[in-house]
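# Commentary on secondary and tertiary structure
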Amino acid sequence: MSDSLHVEIKVNDSPVALDVPLTETLLTSLRDRLQLTGAKRGCNQGVCGACTVMVDGVAVRACLSLTANCEGQSVLTIEGAGNDRAIAALQDAFIEAAALQCGFCTPGQLIAARALLEHNASPSVEDVSKGMSGNLCRCTGYNKIIDAVRMAARRLQP
Amino acid sequence: MNTGLFRPASVSEALALLARLPEARIIAGGASLVAMINARLVDPEALVSLARIDELKEIIETPGGGFRIGAMVRHRAVAAEVRFGGTLAVVQMAAAQIANATVRNMGTIGGAVAHADPGLDYPPALVAAGATIEIAAEGGRRRMSAQEFFVDWYATALQPGEMVCAVHLPAPRPGAGLYHKLARVSGDYATASVALTMVGEDAAILTRAVIGGCGPTPLMIDEANRLLSGQPSAQNLRRAGDLLQAAADPVDDVRGSAEYRRMLIPRMLARAFDEARVRAAASS
């Protein structure tokens, strides 16, 4: 049996204290301890992007982050992004463009798209295609996701 | 029994921990190690995180015009590094092709070289660039060429208790540096890759060509480089491709058969060489 490590982080602006095994990932802590099931476990290898969350303002894979190594950091998941202007615009655009079907990948897509738009406010089709290449979707064929991200980008222009 | 996660603030503290805890593993960005933990390939008893060591986080220009890239520098930062011009573009181009944007926010150059997976993008690019690896031990620091550092599948010249502190790049030279990767899908490991630097000197050129993903370590052959330098004829280009193809030791795996990989080598080399010549000419 493993010793637990005490960790204090912020999740969606609320302080959270956890006691976790050394090798527990942030994804497991979010889903199984905090019941925040927006971030999904797809591959658990960093390939599929369904677990993408923001840590200290940077998009990361929750499945490749160890909770114990997140001490003092601030995590934003899709559950905490309700008031985020970019996320709201992306959600509307995803619905209008029919950029989801089963929805499993959508929380990760939205966080990754938000990160993309932060660095590139008016991405081309190729920019979105490359920037979002780490988020797999098995329903849409991607074109609608690209349409949605660019639609949101246009609406977010000042 | 897990003994814990340690977050030292300096390299010397990290080395003391590694000496005290021989079973501990270093965690840098986690992109490879945590994936291996999730796949139950490793179950570390203790981890030494390098996240708090400031010395490892920067890219600094060194007195000769080269660069020291700290071990904790993320792939994203190298991919965006505008100072890596000329021949050093090979390193920037390799970093930009690693996995995907989110993983590039996490993965580090030190983690990648210490992991030494032959399918990674950095190892061939660093060999082509003439990089050296800065290694710290309790007795002091040493530097070793990237070519000597990678010794086998997932194996490096690192000794127990040692750690990678930085990657040093020589000053960029006028010419071209490029990294071409063939992968099944965007973000995959290389089925095969070519890293190439070409120094343009008047009409003659000086070329270093390195093949990745086709054997235990990056493949570079002095004779092939010689054939690709000076004023190489089409015949010499073919001969260099043949030499690299014959010396490669690829495996059959899910990314491609050994035969397919061998077939790729001369073709990818020729394509990279042609593009490098165009770029080198444009830059002079």
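Here, every reference points to the structure presented above.
Residues numbered from 1 in each chain as written. Chains lettered and ligands numbered in written order. Predicted model: local features only at pLDDT ≥ 70, side-chain atom pairs only at ≥ 80, totals over all residues.

### Points about the overall build of chain A
Condition: Secondary structure is summarised from DSSP: a helix means a run of H or I of at least four residues, a strand means a run of E of at least two, and numbering begins at the N terminus for each. To get the radius of gyration, use the C-alpha atoms; to get the globule rule, take the number of residues to the power 0.38 and multiply by 2.2 Å. Backbone-placed C-beta atoms define the burial measure: a residue is buried with 20 or more other C-beta atoms within 10 Å of its own, exposed with 12 or fewer, and partly exposed in between. Here, residue contact means that the backbone-derived C-beta atoms of the two residues sit within 7 Å.
Along the backbone of chain A there are five helices and five strands. Along its sequence from the N terminus, chain A presents helices and strands in the succession β-β-α-β-β-β-α-α-α-α. A compact globule built from 158 residues would reach a C-alpha radius of gyration of about 15 Å, and chain A, at 16 Å, matches this within 12%. For chain A, the spread of C-alpha atoms along the three principal axes comes to 50 × 30 × 20 Å. For chain A, the proportion of its 158 residues judged to be buried stands at 52%. Looking at chain A alone, contacts between residues at least 24 apart form 61% of all its contacts between residues at least 6 apart.

### Things to note about the sheet that holds strand β1 (residues 4-6) of chain B
All names here are of chain B. Selection rule: Strands pair, by our definition, only if DSSP identifies at least two bridges between them. Axes here mean lines fitted to C-alpha atoms, for a helix over just the part in contact, with angles spanning 0 to 180 degrees between N-to-C directions.
Read across the open sheet, the three strands follow the order β1-β3-β2; overall the sheet is parallel. Taken across any chain shown, the strands that pair with only one partner, and hence form the sheet edges, are β1 and β2 (25-27). Looking at each pair of strands side by side, their axes are set apart by 30° on average, direction ignored. Here β2 pairs with strand β3 (residues 46-49) via three bridges, running parallel. Bridging from a neighbouring strand, Ile 27 pairs with Ser 49 of β3.

### Quick look at the interface of chain B and chain A
What counts here: Each residue gets one label: Ala, Val, Leu, Ile, Met, Phe, Trp, Tyr, Cys and Pro are nonpolar, Asp, Glu, Lys and Arg are charged, and the others, such as Gly, are polar.
Taken residue by residue, the interface counts 26 residues in chain B and 26 residues in chain A. Elements with a minimum of two residues in the side of chain B that touches chain A: β1, α2 (33-38), β3 and α5 (101-104) of chain B. Residues that form the side of chain B that touches chain A fall into these classes: 15 nonpolar, ten polar and one charged.

### Brief notes about helix α7 (residues 122-129) of chain B
Among the eight residues in α7(B), eight count as buried, and that is most of the element. Those residues of α7(B) that sit buried are Tyr122(B), Pro123(B), Pro124(B), Ala125(B), Leu126(B), Val127(B), Ala128(B) and Ala129(B).

### Side note on unusual backbone geometry
One non-glycine residue, Tyr142(A), lies in the positive phi region at around 75°. Topologically, Tyr142(A) is positioned in the loop between α4 (125-131) and α5 (143-156). Positive phi is not limited to glycine here, since Arg40(B) has a value of about 60°. Here Arg40(B) shows up in the loop between α2 and β3. In this structure Arg40(B) comes out as exposed when scored by C-beta crowding, with 8 C-beta atoms within 10 Å.

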